[in-house]
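Here is what each chain is made of, one letter per residue.
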There are 2 protein chains.
Amino acid sequence: MSLGSRKQLILQAIIEDYINTAEPVGSRTVSKKYLTDVSSATIRNEMADLEEMGYIEQPHTSAGRIPSDKGYRLYVDHLMSQKAINQKDNDFIRKEFMDTIGEIDRLIKHASKLLSSMTKYTSIAMAPQFKRTCLKHLQIIKVDSFNILAVIVTDAGIVKNSVIRSEQDIDIDTLDKISKILNEKLLGLSIEELVKMDFSELDNSINGYKQIFTEILPELLQALKYSERAEIYYDGAANLLELPEYNDVQKAKDFLNVLDENDLLFDILNDVSKDTSVIIGKENKVHQLKNCSLITATYSFNGKIIGSVGVVGPTRMKYSKVISVVDCLTQNLNDILSKIIKT
Amino acid sequence: MSLGSRKQLILQAIIEDYINTAEPVGSRTVSKKYLTDVSSATIRNEMADLEEMGYIEQPHTSAGRIPSDKGYRLYVDHLMSQKAINQKDNDFIRKEFMDTIGEIDRLIKHASKLLSSMTKYTSIAMAPQFKRTCLKHLQIIKVDSFNILAVIVTDAGIVKNSVIRSEQDIDIDTLDKISKILNEKLLGLSIEELVKMDFSELDNSINGYKQIFTEILPELLQALKYSERAEIYYDGAANLLELPEYNDVQKAKDFLNVLDENDLLFDILNDVSKDTSVIIGKENKVHQLKNCSLITATYSFNGKIIGSVGVVGPTRMKYSKVISVVDCLTQNLNDILSKIIKT
DNA sequence: TGTTAGCACTCTTCACTGCTGAGTGCTAAT
DNA sequence: ATTAGCACTCAGCAGTGAAGAGTGCTAACA
């Protein structure tokens with residue numbers, strides 16, 4: 001069922017006005033501000049149709065109309081002007097990233113800050129999923145008589161450490177040899193595989209080091225397991241409270257509770273598969289966010305998706321703007337990752 | 001100027017009732033619930049005195065009294081029952097920490113979560129300040145032909161990594177030798193000193209490696225500088241909104257804005273010197289928190305303060321409870337740190 | 001047949017009103 | 001020094017009515 005082109009224009013007008021004002025939009029407003037050559041009475045008739053079709057709703061009899069989730073969906077998929085990213089924004093993001101060096105987690109945290117400050121909504125971000133990356137180098141270092149340190153570097157440039165206490169004073173050469181053996185055997189495996197791996201088959205290679213292996217390996221695997229869940233960040237929680245829809249304290253409370261639940265955020269960010277996805281209102285699996293829209297995008301390394309970022313806001317969201325910012329940001333993220341970490 | 005003992009009792013009654021109910025406390029309430037053998041009229045007279053002395057205030061003529069900052073201060077310093085930590089809470093904290101292994105930052109993050117969930121306020125925490133700890137071991141590892149990795153372990157068990165791209169393919173033995181030289185020269189120095197150090201005096205020791213040094217050192221120092229600022233965490237932001245004082249959206253907004261400003265939180269947590277400190281209302285240097293109270297405590301390693309944690313809430317805070325929880329938590333933190341990281 | 005003007009109707013919002021209850025300060029009696 | 005009693009103050013609440021926004025319907029018009 002396709003809408004007449006005038007109905008489309010009216011729906012678009014209603015949505016864009018509502019996005020800007022957060023006030024129900026009346027027929028008069030549409031007639032005066034958007035479709036000046038049509039009278040408000042005509043608009044009224046069309047609006048009644050649009051309501052019947054489920055694209056807009058009326059909060060109460062004497063109010064204007066507001067878009068429904070279905071309306072927003074049509075808008076995002078067909079009506080919205082796909083505005084290319086503002087050149088200025090693009091430059092800004094690029095520049096901000098240039099200045100951020102250091103650990104990759106820090107980069108993602110910064111990305112989250114950028115997203116929230118540029119969109120004025122709340123951003124969420126997931127650091128690279130360690131388990132999806134592959135072992136590139138492993139080295140066991142002696143710190144002192146009782147502490148050894150396992151350093152793991154993966155292809156996405158993630159580095160993880162694990163301090164292991166050892167009862168015996170192992171000499172450096174031994175550790176080097178063990179490092180070499182492990183490196184040979186394990187190189188290129190994903191951390192996910194590695195954790196599940198059956199190490200008994202290593203038996204042949206480790207003649208003479210068996211005792212040390214049985215002391216170190218479990219600790220190492222344990223540490224890997226603990227690193228499996230990626231860090232989750234959010235930023236700009238205060239932005240939400242600027243919006244009129246969150247003048248209701250209860251709603252603000254519910255929203256903040258979601259942000260405090262790392263598991264929930266993880267599920268949200270982990271669920272993303274497409275490059276960029278827009279989830280509107282009740283489309284959300286997480287029922288606490290059924291009044292929110294969520295725009296997420298993934299970032300990749302070596303063709304593999306390793307993490308994602310997103311923006312959460314009211315369904316009355318500046319979709320066009322946010323989508324372009326999120327897109328641009330992940331684009332830059334991909335660039336930087338592939339550049340920093342080229343072999 | 002010392003209060004009569006009955007005035008003290010009345011002040012205590014007012015404060016404790018107000019802490020529980022968030023409602024101004026009237027003379028009748030005090031007489032009925034706390035000092036049953038004195039009439040409300042007498043209480044009224046005493047309350048008028050207390051108000052004149054500045055310990056309590058009246059929101060408006062026909063309301064009861066609420067404590068002033070000065071009142072809370074007296075209460076915290078002299079009136080409050082210094083309740084020892086609940087044995088159950090202590091066990092709980094201990095147990096929670098036992099289960100948390102892994103990186104020290106994760107431990108602190110967990111501590112923050114614990115604080116907010118046990119106190120029902122918002123917690124803030126600063127991970128160990130890298131720069132205040134001393135170099136224990138430094139090792140430079142070859143990852144592949146173009147990437148080398150510097151691993152730095154400090155006495156507090158903090159491990160930092162820095163991936164350095166190198167134009168030349170340096171062989172492993174060379175890196176080992178460089179590691180040894182640097183270790184010898186730099187062991188025991190605090191990171192703070194290290195960053196400021198003049199490396200030209202190394203010249204003699206590095207015959208033959210000079211070119212490599214000049215490539216690696218600046219990168220290494222840069223990475224150290226970026227790690228200088230400790231991570232800041234907060235948790236339980238949603239708890240605040242449960243409190244009636246934050247039904248005013250504007251106040252909630254102001255508070256969230258503080259949490260979003262890492263620099264501000266850093267200043268707050270960095271300012272702490274005493275073991276445990278209680279800052280009430282306008283005593284706060286940060287003007288955004290002049291309606292809040294802040295209870296902070298430090299944790300140490302090797303006798304040096306390396307970080308701090310805190311709880312932020314309304315001035316109407318359950319001081320006794322929070323102080324005991326914060327104390328207990330840092331106590332446990334100290335224990336764990338000294339145990340985990342003993343040489 | 002699609003469009004428009006006009007009008008009665010609905011419903012929210014806001015300002016105003018008067019009432020109630022909580023709490024006070026003062027006074028006079030104990 | 002303490003207490004009972006009383007007049008007074010003020011926030012909060014419910015009720016009221018007017019104003020304004022927006023609608024749906026009808027009848028006229030191109």
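Residues numbered from 1 in each chain as written. Chains lettered and ligands numbered in written order. Predicted model: local features only at pLDDT ≥ 70, side-chain atom pairs only at ≥ 80, totals over all residues. Heavy atoms only, no water.

Trainee: Mind showing me how you'd approach the packing of aromatic side chains here?
Mentor: Counted by the stated rule, this structure contains five aromatic pairs over all chains. A ring pair is formed by Tyr-72 of chain A and Tyr-319 of chain A, whose centres lie 5.8 Å apart and whose planes are at 50°; its orientation type is tilted. With Tyr-72 of chain A in helix α4 (residues 69-79) and Tyr-319 of chain A in helix α13 (residues 319-340), this pair connects stretches of sequence that are 247 residues apart. Take Tyr-319 of chain A: its relative accessible area is 1%, and that puts it in the buried class. Judged by centre distance (6.2 Å) and plane angle (90°), the rings of Tyr-234 of chain A and Tyr-234 of chain B are edge-to-face. Of this pair, Tyr-234 of chain A sits in strand β7 (residues 232-235) while Tyr-234 of chain B sits in strand β7 (residues 232-235), which puts the two residues in different chains. Judged by relative accessible area, which is 19%, Tyr-234 of chain A ranks as buried. In this arrangement the basic side chain of Lys-70 of chain A is found over the ring face of Tyr-55 of chain A, its NZ or CZ atom lying 4.7 Å from the centre. (Phe/Tyr/Trp six-rings, centres within 6.5 Å; stacked < 30°, edge-to-face > 60°. Helix = DSSP H or I, 4+ residues; strand = E, 2+ residues; numbered from the N terminus. Buried < 20%, exposed > 50% of the residue type's maximum accessible area, 1.4 Å probe, protein only. Lys NZ or Arg CZ within 6 Å of the ring centre and 35° of its normal.)

Trainee: Before we go on, may I ask you to explain the protein's contact with DNA strand D in this structure?
Mentor: The local shell around DNA strand D holds 21 residues, among which Ser-27 and Arg-65 of chain A together with Arg-6, Thr-42 and Thr-61 of chain B are the closest. When atoms of DNA strand D within 4 Å of the protein are sorted by moiety, sugar and phosphate together comprise 76%. Ser-27 of chain A has a polar side-chain atom sitting 2.6 Å from a phosphate oxygen of DNA strand D. Here Ala-63 of chain A contributes a backbone N or O atom positioned 3.4 Å from a sugar or linking oxygen of DNA strand D. Those elements giving two or more residues to the surface near DNA strand D turn out to be α3 (40-52) of chain A together with α3 (40-53) of chain B. Element by element, the count of residues in the surface near DNA strand D is highest for α3 of chain B, at four residues. Broken down by class, the residue content of the surface near DNA strand D amounts to four nonpolar, twelve polar and five charged. (Near = heavy atom within 4 Å. Polar contact = N/O pair within 3.5 Å; in protein donor to acceptor, adjacent residues only side chain to side chain. Nonpolar A, V, L, I, M, F, W, Y, C, P; charged D, E, K, R; others polar.)

Trainee: It is not clear to me how the relation of the copies chain A and chain B should be interpreted in this structure. Could you clarify?
Mentor: One copy of the chain maps onto the other through a rotation about an axis followed by a shift along the same axis. In screw terms, the move from chain A to chain B is a rotation of 180° and a rise of 0.0 Å along the axis, fitting with an RMSD of 0.0 Å. As the rotation angle and translation indicate, the two copies are arranged about a two-fold axis. Taking C-alpha positions as the reference, the residue of chain A nearest the rotation axis is Val-249 of chain A, at 3.4 Å. Comparing interface residues between copies, 98% of those in chain A also lie at the interface in chain B; the contact surface is shared. (Least-squares fit on C-alpha atoms with pLDDT ≥ 70 in both. Contact = heavy atoms within 4.5 Å.)

Trainee: Even after reading the chapter, I still don't get the packing of helix α1 (residues 5-21) of chain A against α3 of chain A, so can you show me in this structure?
Mentor: A pair of packed helices is characterised by two quantities: the angle between their axes and the separation of those axes. All names here are of chain A. Packing of α1 against α3 brings their axes to within 10 Å, and their N-to-C directions diverge by 85°. It follows that α1 is roughly perpendicular to α3 by the angle criterion. Contacts between α1 and α3 involve Arg-6, Lys-7, Ile-10, Leu-11 and Ile-14 from the first element and Thr-42, Ile-43, Glu-46, Met-47, Asp-49 and Leu-50 from the second. Grouping the constituent residues of the contact of α1 with α3 by class yields six nonpolar, one polar and four charged. (Axes fitted to C-alpha atoms, helices over the stretch in contact; angles between N-to-C directions. Parallel < 35°, antiparallel > 145°, perpendicular 65-115°, else oblique.)

Trainee: Looking at this structure, how should I read the interface of chain A and chain B?
Mentor: Often, the extent of an interface is quoted as the loss of accessible area upon association of its parts. Counting residues at the interface gives 46 residues for chain A and 45 residues for chain B. Both sides together, the interface formed by chain A and chain B hides about 4000 Å², and carbon and sulfur atoms give 54% of it. At the boundary of chain A and chain B, one finds six salt bridges. With a shortest N-O distance of 3.0 Å, Asp-144 of chain B and Lys-136 of chain A are connected by a salt bridge. Viewed at the interface, chain B and chain A are joined by twelve residue pairs in polar contact (both at pLDDT 80 or more). (Buried area = accessible area lost by both parts, 1.4 Å probe. Salt bridge = Lys/Arg side-chain N within 4 Å of Asp/Glu carboxyl O.)

Trainee: What is the right way to look at the sheet that holds strand β9 (residues 292-301) of chain A in this model?
Mentor: All names here are of chain A. With antiparallel pairing, the five strands of this open sheet are ordered in space as β7-β3-β10-β9-β8. Looking at the sheet topology across the chains shown, the edges are occupied by β7 and β8 (276-280). On average, each strand axis in the sheet is tilted by 15° relative to the strand beside it, whichever way the strands run. (Pairing = 2+ DSSP bridges.)

Trainee: Looking at this structure, I do not really get the protein's contact with DNA strand C. What am I missing?
Mentor: Near DNA strand C you find 21 residues, and of these Arg-6, Thr-42, Thr-61 and Ser-62 of chain A together with Ser-27 of chain B are the closest. A share of 78% of the atoms of DNA strand C within 4 Å of the protein falls on sugar and phosphate groups. Measuring from a phosphate oxygen of DNA strand C, one finds a side-chain N or O atom of Arg-6 of chain A at 2.9 Å. With respect to DNA strand C, the side chain of Ser-27 of chain B contributes an N or O atom lying 2.6 Å from a phosphate oxygen. Those elements that place two or more of their residues in the surface near DNA strand C are α3 of chain A together with α3 of chain B. Considering each element in turn, the surface near DNA strand C owes the most residues, four residues, to α3 of chain A. Of the residues contributing to the surface near DNA strand C, the split by class is four nonpolar, twelve polar and five charged.

By themselves, these figures tell us nothing about what the structure is for.
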